[in-house]
Each structure stands twice: as C-alpha cells, then as structure tokens.
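Overview (structure and organization)
If you want the building blocks of each chain, they are given just below.
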Amino acid sequence: WGYTNRIFEKQGMSFSQLVRVLDVLKSNTTDDVTKEDAMFMLFELCHNTRHDFFESQMLALRLGAVQLLVRIADETTRGSMQSLAFRALGQMCFSNETVSHAVGCDDILIRRINLIMSDPNIEDNIKDEALYPLKNAAGNSWAVHNKLICLVPPVVQTLRCAQNKLVMAQCIFFLGVLAYNPEVRVPLLVAGSLDPLVALMHTENAEHVPLSAALAVACLVGSDVSHPALEYGIRPGVIAQLTAALEAALNDQDFPPGSGTFYSSWKVMMALSNICRNQNIRQSLVSQGILPLISFALKQGNARLTKHTLHVLWRLSENV
C-alpha cells in the first residue's frame, strides 16, 4: 500500500483521500448527507477531466467501491442517494473496460435497474440516472452485453413512452452500444428496438438524438440494402450529422460540440459501412464530404478503423 500511495501522491491524487471516502461509505453509523458527499467526492476523483482518473477508478475497484455503491443503490429509500450511487458507478466505468465488466456483470445492480426501468410509475429522470452506469459499462465491455439483454424490453418501452429528452438519449445510447455487437442484434430486433429508433431518426431535433438513433439503426438493419428504414428513413440532414460525427471522432472531439458526447471513430465507420450498401445513401455520403475523411481515417493506424474504412471505400466504389 505504501508503494501505491507514493504513486498516487506523485500523480497529484491523495490515496488516503480515496480510502477515507470509501470508509465513509462502509460505515453503518455515517449519516446520509455525509455519505452523499462521499459519493460526490468519489465521482470527482474518477472524473475523466482528472489526469489520474484511470488510477482512481482502478483503486476504487480494488477497494470494493462497486459493491458498496451497488448495495447503496439497491437498499436506500433516499432518491438523491441512489442517484449519486448510479452516477459514481457510471463515472467509474468511463473508458475503463475492467471496471465496466465488474459493473455490467453485477446481478444485483442489473436486477435493481430492471425494476426501475420496468415500472411505469417511476419518473423519467430517475430512469435516466439508473441506466447511466450500465450504458457506460456496455460501451466499454462487449463481454457484458449478453448479461444486459434482459434490460432491452423495458428500455424499449421507456423509449416509446418517455417525454424527457435526457432519458430518451440514454435509452438510445444504451440500445446503440449494444447494436454495435453483431451477437446481440437479433435479440434487439425481437424486443422491438427498431420502430422507436426509426421514429426518433425522423425527428427534427437538432441535438444528438436522431444521430444516435441513426447509428443504432445502421447497425441493426444495415445488411439489408432495401430495408425501408434505410431507403426512406435516413434523411440528408442525418447523413450530414453522421459525417460530422465521424470527423469529430477522428479528431478526438465531442459531437455536437460542447455536448461532452464522444463517439468512437471505428464504430461510426462500421455503421457507415453498413448503410453504404444503399446506393442513395452512398451518393449522400459523397456529397457530404466523406472521401477526405476516409483518407484521414486510413492514416490513423487503427486496425479496426482501417478495416471498416476499407469496407466503406469498397462500397463507395460501386458508384464510380
């Protein structure tokens, strides 16, 4: 522990501070407000704006933070405390496959979130907070996807009924990160994911809901060249957003600018390689400036990105 402490002190993070935070959460005598403060501190220590956030996440995992936060989220009757537990778990998962696997495989957490998402009487903002950690876990660890398929039906139902834009975006992102994985696309389609995603793809909302919906649809049905969702559903405005999102991802920037939403370049390119099977979409992509982005992507040296970029290039060549 002394060696670990010196490493963290050198990186500007107090090892003892994180230990104290978790001691507060473990205590049976600590009042709720103090525990909420501790969870907020844990969220901050694991936030991706810190230069040492990954070390914080890993140490928190090693010290049992996942189990502590899951227990609080499952047992508390205090809404603000449950919300902070979900937020801290979600932030621990950020860009961390190891923590994401631990969170995404936790049966108690999955059961609790399933209950929340399935209850029509629970408010949308609570569902938004609840889905956040498992959405992040699914985005970073494909190994947990089969465990999380049980959540798809209540998430789809929430997406159909939700009025809150934040929970709608959370549901779309959750379905979208699962849709990147070919092994779980059939269960997603069986659960009825496609119809609400296509409907949201048609929205004129300038924010990222139609873009995220289009990415999910592209993965789910992109192999069917004549699928109505592709032939009539992906409007030129969404094609423009897809190319803009790809450009942002290739430059490690968020999209829309200032949103804090970062897309993975190879995943966006994989979605584009699917919808490139459709001739009308190929023409739209070229008119929206996809060719310079293809050239830039091939210079990145990323094997997965190169693979899907070459697929896009090959399919675009059919229009030459």
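Scoring rules and cut-offs
Residues numbered from 1 in each chain as written. Predicted model: local features only at pLDDT ≥ 70, side-chain atom pairs only at ≥ 80, totals over all residues. Heavy atoms only, no water. Helix = DSSP H or I, 4+ residues; strand = E, 2+ residues; numbered from the N terminus. Rg over C-alpha atoms; globule rule 2.2 N^0.38 Å. Contact = heavy atoms within 4.5 Å. Areas by Shrake-Rupley, 256 points an atom, 1.4 Å probe, with all protein chains shown as cover. Patch = residues over 30% accessible without salt bridge, like charges linked within 9 Å, V, L, I, M, F, W, Y side chains within 5 Å. Salt bridge = Lys/Arg side-chain N within 4 Å of Asp/Glu carboxyl O. Core = buried A, V, L, I, M, F, W, Y, C linked by side-chain atoms within 4.5 Å. Buried < 20%, exposed > 50% of the residue type's maximum accessible area, 1.4 Å probe, protein only. Phe/Tyr/Trp six-rings, centres within 6.5 Å; stacked < 30°, edge-to-face > 60°. Axes fitted to C-alpha atoms, helices over the stretch in contact; angles between N-to-C directions. Parallel < 35°, antiparallel > 145°, perpendicular 65-115°, else oblique. Left-handed = near helix turned anticlockwise from the far one by under 90°. Nonpolar A, V, L, I, M, F, W, Y, C, P; charged D, E, K, R; others polar.

Considerations on the overall build of the protein chain
Counting its secondary structure elements, the protein chain contains 21 helices and zero strands. By the compact-globule yardstick of 20 Å for 320 residues, the protein chain fits well, its C-alpha radius of gyration being 21 Å. Taking the principal axes of its C-alpha atoms as reference, the protein chain extends roughly 70 × 45 × 30 Å. In the protein chain, of all internal contacts separated by at least 6 residues, the share reaching a separation of at least 24 is 71%. Taken as a whole, the protein chain presents about 14,400 Å² of accessible surface, with 53% of it coming from carbon and sulfur.

Looking at a nonpolar patch on the surface
On the surface, Val286, Leu291, Leu298, Leu310 and Leu313 cluster together into a nonpolar patch covering about 380 Å² of accessible area. Contributions of two or more residues to the nonpolar patch are made by helix H20 (290-298) and helix H21 (303-316).

Digging into the nonpolar core
Ranked by internal contacts, the top residues of the largest apolar core, which has 107 residues, are Leu42, Met92, Phe174 and Leu272. The greatest single-element share of this core, amounting to 11 residues, is contributed by helix H12 (residues 165-179). Ignoring anything within four residues of it in the chain, the contact list for Phe174 reads Leu131, Leu134, Lys135, Leu148, Leu151, Val152 and Val155.

Regarding the packing of aromatic side chains
If you walk through the whole model with that rule in mind, you get three aromatic pairs. On the basis of an interplanar angle of 45° and a centroid distance of 6.0 Å, the ring pair of Trp142 and Trp266 is categorised as tilted. Placement of the pair is Trp142 in the loop between helix H9 (124-140) and helix H10 (145-148) and Trp266 in helix H18 (residues 265-275), with a sequence separation of 124 residues. Assessed through its relative accessible area of 30%, Trp142 is described here as partly exposed. Look at Trp266 and you get buried, because its relative accessible area is 9%.

Looking at the packing of helix H17 (residues 236-250) against H20
Running from amino to carboxyl end, H17 crosses H20 at an angle of 25°, the nearest separation of the two axes being 10 Å. By the angle between their axes, H17 is roughly parallel relative to H20. As H17 runs across H20, the sense of the crossing is left-handed. Contact residues: Thr243, Leu246, Glu247 and Leu250 in H17; Ile290, Leu293, Phe296 and Ala297 in H20. Grouping the amino acids of the contact of H17 with H20 by side-chain chemistry returns six nonpolar, one polar and one charged.

Quick look at unusual backbone geometry
In this chain, Phe255 is followed by Pro256 through a cis amide linkage whose omega measures -10°. Here Pro256 shows up in the loop between H17 and H18. One non-glycine residue, Ser95, lies in positive phi territory at about 55°. With respect to the element layout, Ser95 can be found in the loop between helix H6 (79-93) and helix H7 (97-104). Its identity is not glycine, yet Asp252 carries a phi of approximately 55°, on the positive side. Relative to the assigned elements, Asp252 resides in the loop between H17 and H18.

Here's the deal with the side chain of Ser212
Within the secondary structure, Ser212 is located in helix H15 (residues 209-221). Those residues in contact with Ser212, other than ones at most four positions away along the chain, are Ile172, Phe173 and Tyr263.

Points about the packing of helix H5 (residues 65-75) against H6
The geometry of H5 relative to H6 is characterised by a closest axis approach of 8 Å and an angle of 150° between their N-to-C directions. By the angle between their directions, the pair H5 and H6 is classed as roughly antiparallel. Relative to H6, H5 is oriented so that their crossing is left-handed. Between H5, through Ala65, Val66, Leu69, Val70, Ile72 and Ala73, and H6, the contact on the second element is made entirely by Met81, Gln82, Ala85, Phe86, Ala88, Leu89 and Met92. For the contact of H5 with H6, the residue count by class is 12 nonpolar, one polar and no charged.

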